[in-house]
Each structure stands twice: as C-alpha cells, then as structure tokens.
Number of protein chains: 2
Amino acid sequence: MDYRPRPEDSRFILNAVLDAPSKLRALAPFAEVDEALQAQVLEEAARFVAEAVAPINRSGDEIGCRFANGEVATPPGFREAYQAFVDGGWPGLSAAAEDGGQGLPTVLEAILYEWLSAANHGLTMAPGLLHGAYACLKHHGSDELKARYLSKIATGEWLATMCLTEAHAGSDLGQVRTRAMPQADGSLRVSGGKIFISGGEHDLTPNIVHLVLCRMPDAPAGPKGLSLVLVPKLLPDGARNAVHCERIEEKMGLHGSPTCTMRFDDATGWLVGEPGRGLAAMFVMMNAARLHVALQGIGLLDAAWQKAGAYAAERRQMRAPGAVVPASRGAEAADLIAEHPAIRRILDTQRAWIDGARTLAYRSALMLDVAAHDADPKARERAQRWCSLVTPVLKAACTQQAFHGASECLQVFGGHGYVREWGIEQIVRDARVTMIYEGTNEIQAIDLLVRKVLPDGGAGMSAVLLELRDTLDASRDADADVQRRLAQLRYLGTTIAMAAHANPVLPYEVADDYLRAVMLAMLAWAWARIDAAEASEAERAARAGPAAALRRWVLPEFDMRLAIVKRACEGVAMAHDAAKTPAAAG
Amino acid sequence: MDYRPRPEDSRFILNAVLDAPSKLRALAPFAEVDEALQAQVLEEAARFVAEAVAPINRSGDEIGCRFANGEVATPPGFREAYQAFVDGGWPGLSAAAEDGGQGLPTVLEAILYEWLSAANHGLTMAPGLLHGAYACLKHHGSDELKARYLSKIATGEWLATMCLTEAHAGSDLGQVRTRAMPQADGSLRVSGGKIFISGGEHDLTPNIVHLVLCRMPDAPAGPKGLSLVLVPKLLPDGARNAVHCERIEEKMGLHGSPTCTMRFDDATGWLVGEPGRGLAAMFVMMNAARLHVALQGIGLLDAAWQKAGAYAAERRQMRAPGAVVPASRGAEAADLIAEHPAIRRILDTQRAWIDGARTLAYRSALMLDVAAHDADPKARERAQRWCSLVTPVLKAACTQQAFHGASECLQVFGGHGYVREWGIEQIVRDARVTMIYEGTNEIQAIDLLVRKVLPDGGAGMSAVLLELRDTLDASRDADADVQRRLAQLRYLGTTIAMAAHANPVLPYEVADDYLRAVMLAMLAWAWARIDAAEASEAERAARAGPAAALRRWVLPEFDMRLAIVKRACEGVAMAHDAAKTPAAAG
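Note that this is a predicted model, so its numbers are computed, not measured.

1. What about the overall build of chain A?
Point 1. Helix and strand counts for chain A come out as 21 helices and nine strands.
Point 2. The principal-axis extents of the C-alpha atoms in chain A amount to approximately 80 × 75 × 55 Å.
Point 3. Split into buried and exposed, the 586 residues of chain A put 61% on the buried side.
Point 4. Considering only contacts in chain A between residues 6 or more positions apart, those separated by 24 or more positions represent 73%.
Point 5. Computed over 61 positive and 71 negative side-chain charges, the inter-centroid distance for chain A is 4 Å.

2. A look at the relation of the copies chain A and chain B
Point 1. Once turned by 180° and shifted 0.0 Å along the axis, chain A lies on chain B with an RMSD of 0.0 Å. Both chain copies can therefore be described as sitting about a two-fold axis. Taking C-alpha positions as the reference, the residue of chain A nearest the rotation axis is Met560(A), at 3.0 Å.
Point 2. A share of 99% of interface residues in chain A that are also interface residues in chain B marks the association as one of identical surfaces.

3. Points about the pattern of salt bridges
Residue and element names in this part refer to chain A.
Point 1. Applying the stated criterion across every chain, the model contains 77 salt bridges over all chains.
Point 2. Ionic pairing is found between arginine 516 and glutamate 557, a salt bridge with its closest N-O pair at 2.9 Å. With a gap of 41 residues between them, arginine 516 in helix H19 (residues 506–532) and glutamate 557 in helix H21 (residues 556–580) connect regions that are remote in the sequence.
Point 3. Under the relative-accessibility criterion, arginine 516 is labelled buried at 5%.
Point 4. It is possible to trace a salt-bridge network through shared partners that takes in Arg6, Asp9, Glu114, Asp302, Arg351, Asp355 and Arg358.

4. Remarks on the environment of Ile427(A)
Point 1. Tracing the backbone shows Ile427(A) in helix H15 (residues 424–432).
Point 2. Beyond its immediate chain neighbours, meaning those up to four positions away, Ile427(A) contacts Leu300(A), Ala303(A), Ala304(A), Lys307(A) and Ala406(A).

5. Here we look at the interface of chain A and chain B
Point 1. Each partner contributes to the interface: chain A provides 71 residues, whereas chain B provides 70 residues.
Point 2. Together, Met252(A), Gln411(A) and Tyr418(A) form the three largest contributors to the area buried by chain A at its contact with chain B, with a combined 14%.
Point 3. Put simply, chain A and chain B have eight salt bridges between them.
Point 4. For the salt bridge of Glu250(B) with Arg420(A), the shortest nitrogen-to-oxygen distance reads 4.0 Å.
Point 5. Our count for the contact surface shared by chain A and chain B stands at 36 residue pairs in polar contact (both at pLDDT 80 or more).
Point 6. Across the side of chain A that touches chain B, the residue classes tally to 31 nonpolar, 16 polar and 24 charged.

6. A word on the nonpolar core
Point 1. In this structure, Ile496(A), Met519(A), Ile496(B) and Met519(B) are the most contacted members of the largest nonpolar core, which totals 375 residues.
Point 2. With residues up to four places along the chain from it excluded, the contact list for Met519(A) reads Trp353(A), Ala357(A), Leu360(A), Val393(A), Leu394(A), Ala397(A) and Cys398(A).

7. A look at the packing of aromatic side chains
Point 1. Going through the model one piece at a time under the given rule, you end up with 15 aromatic pairs over all chains.
Point 2. Centroid distance Tyr82(A) to Phe85(A): 6.3 Å. Interplanar angle 35°. Geometry classified as tilted. Here the residue Tyr82(A) and the residue Phe85(A) both occupy positions in helix H5 (residues 78–87), the gap between them amounting to three residues, near one helical turn.
Point 3. For Tyr82(A), a relative accessible area of 2% corresponds to the buried category.
Point 4. Phe85(A) sits in the buried class, given a relative accessible area of 3%.
Point 5. Plain terms: the ring middles of Phe48(B) and Phe85(B) are 5.8 Å apart, the flat faces sit at 40° to each other, and that makes the pair tilted. One end of the pair, Phe48(B), is in helix H3 (residues 35–53); the other, Phe85(B), is in helix H5 (residues 78–87), and 37 residues separate them in sequence. Phe85(B) shares its class with Phe48(B); the two are buried.

8. Some remarks on the domain arrangement of chain A
All names here are of chain A.
Point 1. The domains assigned to chain A are domain 1 (7–137), domain 2 (158–280) and domain 3 (286–319 + 334–573).
Point 2. A straight line from the C-alpha centre of domain 1 to that of domain 3 covers 23 Å.
Point 3. Each partner contributes to the roughly 2,900 Å² buried at the junction of domain 1 and domain 3, and carbon and sulfur atoms together form 64% of this total.
Point 4. Of all residues in domain 1, the largest losses of buried area upon contact with domain 3 belong to Phe12, Glu114 and His121, amounting jointly to 21% of the total for that side.
Point 5. The interface formed by domain 1 and domain 3 holds nine residue pairs in polar contact (both at pLDDT 80 or more) in total.
Point 6. Sorting the residues of the side of domain 1 that touches domain 3 by element identifies helix H1 (7–17), helix H2 (20–25), helix H4 (57–63), helix H6 (106–119) and helix H7 (121–128) as the ones contributing at least two each.
Point 7. With 10 residues, the top contributor of residues to the side of domain 1 that touches domain 3 is H6.

9. Concerning the side chain of Asp99(A)
Residues and elements named next belong to chain A.
Point 1. For aspartate 99, the location among the structural elements is in the loop between H5 and H6.
Point 2. Judged by relative accessible area, which is 10%, aspartate 99 ranks as buried.
Point 3. Within polar-contact distance, the side chain of aspartate 99 engages the side chain of lysine 138 at 2.7 Å.
Point 4. Apart from residues lying up to four places away in sequence, aspartate 99 is in contact with Tyr134, Lys138, Leu150, Ser151, Ala154 and Thr155.

10. With respect to H21(A)
Along an α-helix, residues three or four positions apart point the same way, because every turn accommodates 3.6 residues.
Point 1. In this model H21(A) runs 37 Å from its N-terminal to its C-terminal C-alpha over 25 residues, within 8% of the 36 Å that 1.5 Å per residue would give.
Point 2. By the burial criterion, the buried members of H21(A) are Pro556(A), Glu557(A), Phe558(A), Met560(A), Arg561(A), Leu562(A), Ile564(A), Val565(A), Ala568(A), Cys569(A) and Val572(A).
Point 3. As for H21(A), its buried residues are in contact with helix H18 (477–502), H19 and helix H20 (537–554) of chain A together with helix H12 (341–373), helix H20 (537–554) and helix H21 (556–580) of chain B.

Reading the values: the criteria
Residues numbered from 1 in each chain as written. Chains lettered and ligands numbered in written order. Predicted model: local features only at pLDDT ≥ 70, side-chain atom pairs only at ≥ 80, totals over all residues. Heavy atoms only, no water. Helix = DSSP H or I, 4+ residues; strand = E, 2+ residues; numbered from the N terminus. Buried < 20%, exposed > 50% of the residue type's maximum accessible area, 1.4 Å probe, protein only. Contact = heavy atoms within 4.5 Å. Lys, Arg positive; Asp, Glu negative; His and termini not counted. Charge placed at Lys NZ, Arg CZ, Asp CG, Glu CD. Least-squares fit on C-alpha atoms with pLDDT ≥ 70 in both. Salt bridge = Lys/Arg side-chain N within 4 Å of Asp/Glu carboxyl O. Buried area = accessible area lost by both parts, 1.4 Å probe. Polar contact = N/O pair within 3.5 Å; in protein donor to acceptor, adjacent residues only side chain to side chain. Nonpolar A, V, L, I, M, F, W, Y, C, P; charged D, E, K, R; others polar. Core = buried A, V, L, I, M, F, W, Y, C linked by side-chain atoms within 4.5 Å. Phe/Tyr/Trp six-rings, centres within 6.5 Å; stacked < 30°, edge-to-face > 60°. Domains from an automatic or database assignment. Expected span 1.5 Å × (residues − 1).

Quick look at the structure:
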C-alpha cells in the first residue's frame, strides 16, 4: 500500500484551525492567492505525489543508489519522477516569479514537502536541498552569480548541495579545514574533503551546484573563519570542475538518496557573501531547512500511521476486550486488531501527534511568509521570533516522534512489521536520520535553551507563550488547562535562568527536557485550537480518539519533564547553598 | 570494534549484589559448583564469545543468509563458529549430565546467552532455540522420543525450531490450522504452512528437529485444540522428511538468522505430550524463553553502550560546558564528546539500565534454578511466582530499552551512527525484533496485569513486592525511596482491580503503564542493592554517574506512569458514578 496524501486533512488545519487564507491575503505578494487557488495547488500536489512519487519508494529502498567510477546512478524511475517534478513547476513553488518560480506562499510548499517526504523520503532529499541554496544565493550572491545560477536552482533545472561536514567536523563546523585560495580573476580554488553530502553526485540533473563551507588563507580559527563558496560541477564553459564523488555511504535507510564523500582538488568556485561570513550566509535558510526536517518527520509519521491503520482495519486476532460482538459471530471469532485497546492507543497517539504537529509546523511556515512579507515591521519581528524559538522544538520533537511513532506503528504489524514486505520497517529506518541531520536533536535543544531562551532571561519565549495564551478562551476547560501549562513553562524558564547563574552546566543537562515540555504544551495548545475549529459532527467524532489519547497518554510527560527540570534546579540551589555555608566541624 | 564481554561486570552482579554462589550451593545439584568454578566458566565463555562469535557479526549482517532450491546457506564463518560452540560443550551448559549436558546452573547459561546475543544476535538465534525444545521434550516427550532426540538436542548436535506462527495466526495461536493425522503406527502425518520459523532450514547441523503446533482431527476450535508434534528434517532411517523451506524473509535486521516459511506435506511426526495439550507442553519453557529474550535486550544494549562509549572517548567536538581545560590547550580546542552533558546523560542512562536489568534478570535465572531444584516446596513456589510475574516485565522492558537505548547510542555518533561502518545501526535494527517475538511487548503487559496480577486481586504481586521490601534497609535514604515506590505499586494494583470491576477494558488500556511502573520500581530496587554491595572506591566512583542518571532521568517516569494509571481509574469511577446517578433534567 503506497502512501496517499489526504489534502482534506491538511486543509482543515490550514483553513479551519489556522485561518491561513485571510492571513496570507493580508500579505502583499499573496493578495491574489485565495482559498480556491490554494485548494487547487494542494489537490494537484497530492495527485502528483500519489501518482509519480509514492510508487517508486520501495524499489528506491531496495535497489538504492549505485556508485561506480565516480558516478552515481539513482534508483529506477527517479530520473523520470524528478523530471516530471521540474516540468510541473514544483521546485519553484515559493520562489520569486522573477527567478522563474511560482511566487506562492511558503506554507503551501511546506505541505508539498510533508507529502513528498511521506511518499518517498529518498527522492525528496534531492529537491529538498534546493530551497536553502536558493535562499543563500538570493540574499548573499553577487549579481553575476545570481544571473548564472539563481533561476537554474529556482526551477530545479540544476540541483544543489550544502557541503559542510568533514570527517572530523560534524556538529563542530568550526573545525572545517577545506581551503579556498583567491585567484587573480576573482575566483577561488577550493581544496579539501567533505563527507555526508546528500546529492553530491547523481544522474538527475546535468549540473550540480555545491555550496561549500571553506576557510580562506589567514582566516581565524573557529567558526568565524568560515566562508561560503559556490562550486559547480560543470564550469560556465561546460568543462568539468575538479570536484568528485569518491564513494557513497551504506546507510541504515534513505537508500534512495546518495550520501557522498566529495573531494575538491583545486576546484574553481566563487564566494557567496563576505569572507568569514559563511555561517551567517547559511543562517538565512536555517529556520526553513529545519522546519523542512520537522515536516519530513510529520510526513513519515503520517505514512506509518496510514499503513498501520489500514493493517489494523483488516487483520483479525483474538477477542478484543469490550468489542461489540454481533450475534452472528461465534464466541471464538477473532476481532479486528484495531479494536484491541493497545493497538487503538498506538494509532490514536500518532494521530494526536500528526494533527498537533501539523498545526504548529504549518503555523511556522505561515510565520516564514509573514516574516518575509508583512508590511508591519513589528509583525515581521514577532514572526521571526516565533520561527527562531519554535523551529528547534519542532525539528527535534517531530523527528523523534517520527522514529518512535513509526516504530510503534511497526509493532501493530507484529512479526509482519519486521519484514520488508509491508514497507513499515523502511519508514523506521528512513526516519532515523532526521534526528541527526540539520543539527542533531541534542543540538536543537541546546540551541533553544542555551542560545535562544536564556540569553534574554526568557523574555522572548515568554512573549511567544503569551501570544499563544491570548488565542485561548479560559472559559473552556481545555483552554484553561493549556493556559496553566503555558504559565508553568514561563515559570520554568525563570527557574532555569536562576539556577544557571549558580551552575552554567545545568542548562545543557536539562535542555532536552525543556524542549520536550515546550513541545507538549504547544501540542496541547494546537489541540485546543483544533477542538475550537469549525467541524462537522463526523469530523469531531473522528478526532475524539486522538484528542483523548493526547490527554491520557501524551500530555502526562509534560509534568514529568517539569519535575525533572525543577529537581535539577533545586539540586543546583542546594549545592550552591552548601558551598556558601562554612563546613561544619568534622 | 567488536563486542567484548566483561566478566567482571557480570560477576559483580552475581556475587556481590545477588550472593548467587551461596544460593546455588544450597541447591543439591550445584553443591559442588563453587565461586571459582563459576568464575572459570564465565572466563572461558567470555573468551569464546570474543574470539569465535563477535568477529563474524558484521559480515553476518552484510552477507546474511542465502536461500536457493530449498536450502539455506548461513553467512561465512557461522558453520565453523557453531561447530566450535558444540565442541566446547556450550549448548548443554545447563542440560542434565544424563543427557550429555554439563549440569551447570541456568544462571551461568543466562550470562552466556546475554554475551552471545550482544556479540552476534543472528548466530545466537540458532542455539537459543535448543533450550525450549530440550525442556519440552524432557518434560513431555515419550521415552522413545527422548531416547532418539534428547541428547542430540542437549548437545546441540542437531538444532531445533518452534513452529507456531501461521500467516493468519500470529499472536492468536488459537487460529492455527496445520493438521496432524494419526497413523496406524502411532506416528502422525503433518500438513500445513508455518511462517517466521527461525532456523527452519540451515547448514549448521545435519538434522533439524521441528516442534510443530498442530490441530488433530476433531480437535475443538481455539487454543485448547492444539497439539505439539515433533517433526524431524531427517527421519530415523535417514530419509528426508516431507518438510521444506519455501523461502526466507527479507528483514529489517537479524540477517544472520534465517526466518523461514515452512511447508509440511504429510510429513511424519510424533506427538509430544497429550493431544490438545500442545500449549501446555510449550508453557514449560515459556519463562526461560522470555527471560532469554530479555537477556538478548540487555546484551544488545550493552553492545551499543560499549560502542558509543568508546566513540565518545575518542571523538572531539566543540567546547564542553564545564569541562576542565588544561592550560596547555587553546581556547578553540575541542573536548571529547564524552564530556558533553547530553552525551554523558545518554551513556550513563544506558549503564543504569544495563546494571539494573542484569540484577533482575540474573535473579530471575537464579529463581529458575531454585524453582527446579530447591528442596523446600515453599521456596520453589516463591521462585515460580517470581518468574511468572517478573518475566513479562523483563521481556518487555529490556527489549524496549535495547531498541530505544541503542538508538540513543547511535545518536552519540551523529551522522556516523547512521552509516554501516560503525556497526551501531545494526544493533538498532537487530534489537527491534526482540520487542515482537516470544509474545509482543503489548502481550507481555496484558499477560502481566490481566492474566497474572488481577486474577488473585494482586496478592501474588504484593507478595513479590514485599519480598523485595524485606531486602531493604529503611534507615538508608535510597532504600526508603524504593520502599515508597514498592508500596505505591501495591496500592496501584488494588486501584486497578477496583476500577476493572466497573470497566473490564481498563486493564488492557493501562497494562503497558503498569508494566513500566513495575520495571522502574524494580530498577530502583536493583540499584539500591548495587549501592549496598561491597565494592572498591574506584568501582563506586564508576557507578556514580549511572546511579545519578537513574535518579535524575529514568525514575521520574515512575511517577508519570502512576499518574496515567490513576487518572484512568478515576475516569472509570466518575463514569461509573455518573451512570448510576439518574440524569438531571435537560
């Protein structure tokens, strides 16, 4: 059973829960993008994903990418599917019209990528890297570079990579050693090795545009010495540049995407942005890229949920306790496993995560649109603050749930889940990487708490939480419960900030718990909004199970995380007091 | 880096924590098995595992088993390693001397299998199935069958299988359809298909003894109509029996163990035990088999922890907060990732699980020895009760931690964890199956709460918890904390029992939470015992991190599980009261 997008589910979140159409219409570039056009784009996207992308997912996993003589062959059907993607104008959905794009809102592109990832994570990696490259070049490229590369990238005619990691420099980009030597003609000669380069070499497009993090001569040590250099596979005159793929990795999953070890041997490139400002040039696309990874997580979880739900609605094993037994059925007849409480719990829990996480991720994508286009600078700033604080939360929490939730869905299949046949184990293997790339989940937690929440004493996060509070109606029980959680979170930020004065290591120890607490409170908020949205009786009934699962099985973790953090902070306070008290005799 | 058993770690648990030597000496068959002999057996086992088994783990995964023309070729080196295993007398370590075994305690075999699984889960599947077959045959086989098969199985000269699952009958064995037709000579003709048969066909031994769950003519529907039939691959006259492997599964992992689809076409077999008592015949080995799966989980987690710990002690990335910086190191120099709090937390948490779970699993293995050999029937009964109640807890919790903890260890490697090279992703893939086979973890939870705890109103579980309480010293803070948890658990059992009267579905909904709460309280108990055991200062210092991790990051889940179950029970009470109250007007 291949994944099928369900546009009605995403549109419910977008329109009924988030009121996206009116928010988008208020932004100048999208004044004409009405609900009907949005619906049409999503219907077409869903059809494309279901017909062209989903069917080659399993063969993409089983056959995988093949490497020989410096060249990479993608799995059968990938070239044709990618060409159809380009022909349909999908790569440039949110790119500016002047660059050959469609000029549509980021939020529509977000939904497209959620579905693409759900249908075929491996294939989706290729165009998924275009958007960051486009943003970098658009904001930091010279006019000459833009004229040569921007529309090729916007339209997906040429694919792109981000070449950051080196064998000894993974999470620690400050250790990057690849050198870029300036030449008399203004170009650079790039030398060094990069690893884990997704799409570093392939047969999908004739040219590949690499954005390479390098160090120029006399650059200071550490991250401030890094520059970003554009190195194309084919030079402007058509000659092959001195950049080569040495091998591709054997991985746990994601076999449809080649993970390349790249060698630059005095390859020709051009600076993007200023020397020493390479990381800054990349930051322009950081929030969007991390949100995309969160959406991969949501998509993969949805794919796993679809598969497990379909299996549970067909497979019969044993009597289910509490199942209604029609008189026509013998006492020994087996019930659908969907009727067994343990299976119901697994399925409803994933659904609660999917809809809640979608609400937050689509809202973040809307905020990217607002941050880019709102006429009011205050509104842009608020949107930017949301993206800065919520993106690491979504990246870490959605990818963790993708892996763990897909594993729970595998469990629904029993032994059948462990074999290839049903495709569920592929989702677990594919999803695992999302917890690692674009910054490991541990780094997301540190980014959130240490780099973003604590430096302003929690003021920014408080503002975001107050914004959420103001959307609620305290006369509703569910909303009051969410308000309580949001207030607890604000207090928690203060508690950590105080403890951090006494023990600066503490925030690093509890960063993960803090991030989880934020995500869970925000999930509760999302479901309060879902609950308040206009919906038919049937839709409401379908959401009763997931809503109960959230309350019963998911949200109790919030109190646990709070307790963990508080106890750690108390421990610091006690150690601090003890240290200040002169030791007693003996 | 291949896995290496660390006998000193296991012996610390066995001797200093559990006082196993004196307990074993009190059992008649082990009066001569002193601590020195135990140590010697473990040292030799460790050497064998490290030298003969661990080195072929990765190739076993990469090359896997191959199927052609009804035959299965195991990966290179597996035949030789298995032969060495047989030659060393390892298969019969705990089998009776009269059957060709060594007559040693089960607990030593448990440790051997933990290490084997850690070193090479795929290869270990083959002999792992011998012990259940041996126990079934020993207790239920006719003298003729025993004479023909028992010593061959005890010594591992022939391997064995358990043929239970059919395509439509996984967790629900009552649906088994394979037929066994009695013949005039007392034999049976077996026909039908079985799936997911580990080691159903291979090249490790000339003969394979299948124990097949079948239905005899006129047997009632459901589980009570099942009989157990021994069907050998080679008949006593050397002719090939009509049992064939049709294919092997492509799986997520465990590629070193062939998972076979078996076809029986009027194959010749002989009844084991009485007709219709097939499941009862299997129950004799259920606790031992499930404990073995728990030990697989512990072993795999230890293997993952070893790998991640070694990597973290070599890999340098970024400044670690709070790391002590020697003056000789520049401000930009990177620290070992083992010094980063997020990594430390992952490693210490797994270590806390490994040592705690070992304490419980080794204690369970000791109880199997006590249940089999103690002169006092009351002691045997107590031991049996422990095994019955604690085995499902260990099976579910240790396998869940194996998968999730190995995945956390993978995270320590960053992107390097997702590629084959380091071997950590194999552990995650291999470990996943342990949550499914020998009864899915959902079924373990139901087995515990619904089938074992509730039927006697929680009395048996209370007795086990009181036994644990009596080993503690309430004057120690840590012990008092454990006593509180044990008391809370006893109360929780009563709460669920009462709520179940009003809503019989409730226990199925909270079975998983109940099981987790039991495991966490028992982990706390295990660590209190570890803490109280005699140890050097250095050993104590090495355990400080894991002990703190248990307290800070692991045990808070106990309160969460308690809260989930209590709230569910309160919900039942409220619904019950509402139903009894006449509806108010309107």
